[in-house]
Amino acid sequence: MSELLSYLSSLDVPDLVLCAAAVLILDVFALAIIIKASQEAKLCGKRWEHVSAGMELRQGGETWPLEADEILLGRHVSADIRFLDTSVSRYHAVMTVTGGVWSITDLDSRAGTYVNERRVKQAALHAGDIIRLGSTEMVLCPHDAPRPGGSSPKKKKRGGRRRV
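Residues numbered from 1 in each chain as written. Predicted model: local features only at pLDDT ≥ 70, side-chain atom pairs only at ≥ 80, totals over all residues. Heavy atoms only, no water.

## With respect to the confidence of the model for the protein chain
Part 1 of the reasoning: Here the protein chain averages 82 in pLDDT, while 79% of its residues score no lower than 70.
Part 2 of the reasoning: Every residue in residues 155–162 scores below 50 in pLDDT, and together they form 21 contacts with partners more than four places removed in sequence or on other chains. (pLDDT = per-residue confidence, 0-100. Contact = heavy atoms within 4.5 Å.)

## Structural notes on the layout of surface pockets
Part 1 of the reasoning: What the largest pocket holds in volume is close to 170 Å³.
Part 2 of the reasoning: Lining the largest pocket we find Arg75, Thr86, Ser87, Val88, Ser89, Arg90, Tyr91, Arg110 and Ala111.
Part 3 of the reasoning: Its residues assigned to classes, the lining of the largest pocket shows 3 nonpolar, 3 polar and 3 charged. (1 Å grid on protein atoms, 1.4 Å probe; cavity = no way out; pocket = protein on both sides within 12 Å on 5 of 7 lines; lining within 4 Å. Points joined across faces, edges and corners; volume = space filled by probe spheres on them. Nonpolar A, V, L, I, M, F, W, Y, C, P; charged D, E, K, R; others polar.)

## Re the side chain of Arg58
Part 1 of the reasoning: Its location among the elements puts Arg58 in strand E1 (residues 55–59).
Part 2 of the reasoning: Here Glu56 takes part through its side chain, which lies 2.9 Å from a polar atom of the side chain of Arg58. (Helix = DSSP H or I, 4+ residues; strand = E, 2+ residues; numbered from the N terminus. Polar contact = N/O pair within 3.5 Å; in protein donor to acceptor, adjacent residues only side chain to side chain.)

## Regarding the pairing of strand E2 (residues 62–65)
Part 1 of the reasoning: Sheet topology places E1 next to E2; 4 bridges connect them, and they run antiparallel. Considered in E2, the bridge of Gln59 is made with Glu62.
Part 2 of the reasoning: Here E1 folds back onto E2 in antiparallel fashion, the turn holding 2 residues, of which Gly60 has a positive phi close to 60 degrees. (Pairing = 2+ DSSP bridges.)

## Things to note about the packing of aromatic side chains
Part 1 of the reasoning: All told, the structure shown has 0 aromatic pairs when counted by the stated rule.
Part 2 of the reasoning: For the cation-ring pair, Arg132 lies above Tyr114, with the distance from its terminal atom to the ring centre recorded as 4.0 Å. (Phe/Tyr/Trp six-rings, centres within 6.5 Å; stacked < 30°, edge-to-face > 60°. Lys NZ or Arg CZ within 6 Å of the ring centre and 35° of its normal.)

## Focus on the nonpolar core
Part 1 of the reasoning: If you look at the biggest cluster of nonpolar residues, it comprises 22 residues, and the most contacted ones within it are Leu57, Leu73, Met95, Ile104 and Leu133.
Part 2 of the reasoning: At the level of elements, E1, strand E3 (70–74), strand E5 (93–98), strand E6 (101–106), strand E10 (130–133) and strand E11 (136–142) are the ones that each hand at least two residues to this core.
Part 3 of the reasoning: Among the elements that take part in this core, E5 stands out by supplying 3 residues, more than any other.
Part 4 of the reasoning: Not counting residues up to four positions away in its chain, the partners in contact with Leu73 are Leu57, Ala79, Ile81, Phe83, Tyr91, His92, Ala93, Met95, Ile104 and Leu133. (Core = buried A, V, L, I, M, F, W, Y, C linked by side-chain atoms within 4.5 Å. Buried < 20%, exposed > 50% of the residue type's maximum accessible area, 1.4 Å probe, protein only.)

What follows is the structure, encoded as structure tokens:
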């Protein structure tokens, strides 16, 4: 510390001004990068809302926002949305989104995957579709769609695995 103080005291005033100017310039660049990163994060969020069409799955009083481009549905602990229902296979189905259109693909489950009571191997999904895996039913809804009876949904935490 004393070496630093002695070095700084040996510098001429123009050298100190030059150092201060360099630090100031670096701080301005760092601030510009932080601001740009924040703007980019907001833009990416808007893009994702457009791509994902702002959809979520609802079952009873629970809600699962569809926040990835591929979501595994099943009973296994590695499933993105996990069901405890034994009629649901460990790896039952996968939901994917392309250009704002969600689709579901059955992964050769025993009980089958149904969309609006029609058994499907793969199907495009639309708002209001009823999806059934085994004996578990869910509804695909936009985030802002009103809930029947005016109740507010219990949102699941973002990230990690979800269980039903």
